[in-house]
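A structural walkthrough
Given next are the chains, with one letter for each unit.
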Amino acid sequence: MSPTDNRFEPLNPEFRTVIREQFERQGLLRNFDAKLLDIEPGSVTIAAPTGPEVSQQDGFPHAGFGWSLGDSAAGFAALSLMAAGERVLTVEMKTNLLAPAVGQRVIARGRVLRFGRSLCVVQSDLFSEAPDGEKHVAVMLGTMIRS
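Below is a summary of the structure that appears in this document. Computed from a predicted structure; not experimentally measured.

1. Considering the packing of aromatic side chains
Centre distance and the angle of the planes are the two values used to describe a pair of aromatic rings. Overall, the coordinates contain 2 aromatic pairs when judged by the stated rule. Note on F23 and F76: the rings are 6.1 Å apart at their centroids and 50° apart in plane angle, and the pair reads as tilted. Residue F23 is found in helix α1 (residues 15-24), and its partner F76 is found in helix α3 (residues 63-79); the two are separated by 53 residues along the sequence. A ring pair is formed by F32 and F65, whose centres lie 4.8 Å apart and whose planes are at 75°; its orientation type is edge-to-face. Residue F32 is found in the loop between α2 (27-31) and β1 (35-40), and its partner F65 is found in helix α3; the two are separated by 33 residues along the sequence. When its relative accessible area of 3% is taken as the criterion, F65 is described as buried. Here the guanidinium or amino end of R109 rests over the ring plane of F127, the centre of that ring lying 4.8 Å away.

Right, here's the structure in full:
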């Protein structure tokens, strides 16, 4: 199932507004200069520039930087389907790093795989963006809880 498949119906018709407001309240994403690129029911894309301020000792973007972007994209994807007033929290998130994120920015594409009464199974795919195109650098699979 691709992130563009529209098999979910949001419980809150104002989900885009809610996500934009919640996104603006995240200090970590603000420090990363992250931007919301796309919001659809069950799918959210976030991107942030790479640079020395988010690097590890070898100059690559730190895995924690990518994890934060992927976790946020997946969490917002889950939130996009929730009822007004509900919150989302990460229960667990497994990450497979595929390659260093060499490029100008990291793009996190989060999507909902299963939307349940209490738990949501989510996935994020992270890509590094460079002039020669995108490279898949990480896959994340996790569980979010509705509260």
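Moving on from the model shown.
2. So, the side chain of Q123
Relative to the elements of secondary structure, Q123 occurs in strand β5 (residues 119-130). Among the polar contacts made by the side chain of Q123, one reaches the side chain of D125 at a distance of 2.9 Å. Apart from the residues lying within four places of it in its own chain, the contact partners of Q123 are A74, R109, G110, R111, L113, V139, M140 and L141.

Criteria and thresholds
- Residues numbered from 1 in each chain as written.
- Predicted model: local features only at pLDDT ≥ 70, side-chain atom pairs only at ≥ 80, totals over all residues.
- Heavy atoms only, no water.
- Phe/Tyr/Trp six-rings, centres within 6.5 Å; stacked < 30°, edge-to-face > 60°.
- Helix = DSSP H or I, 4+ residues; strand = E, 2+ residues; numbered from the N terminus.
- Buried < 20%, exposed > 50% of the residue type's maximum accessible area, 1.4 Å probe, protein only.
- Lys NZ or Arg CZ within 6 Å of the ring centre and 35° of its normal.
- Polar contact = N/O pair within 3.5 Å; in protein donor to acceptor, adjacent residues only side chain to side chain.
- Contact = heavy atoms within 4.5 Å.

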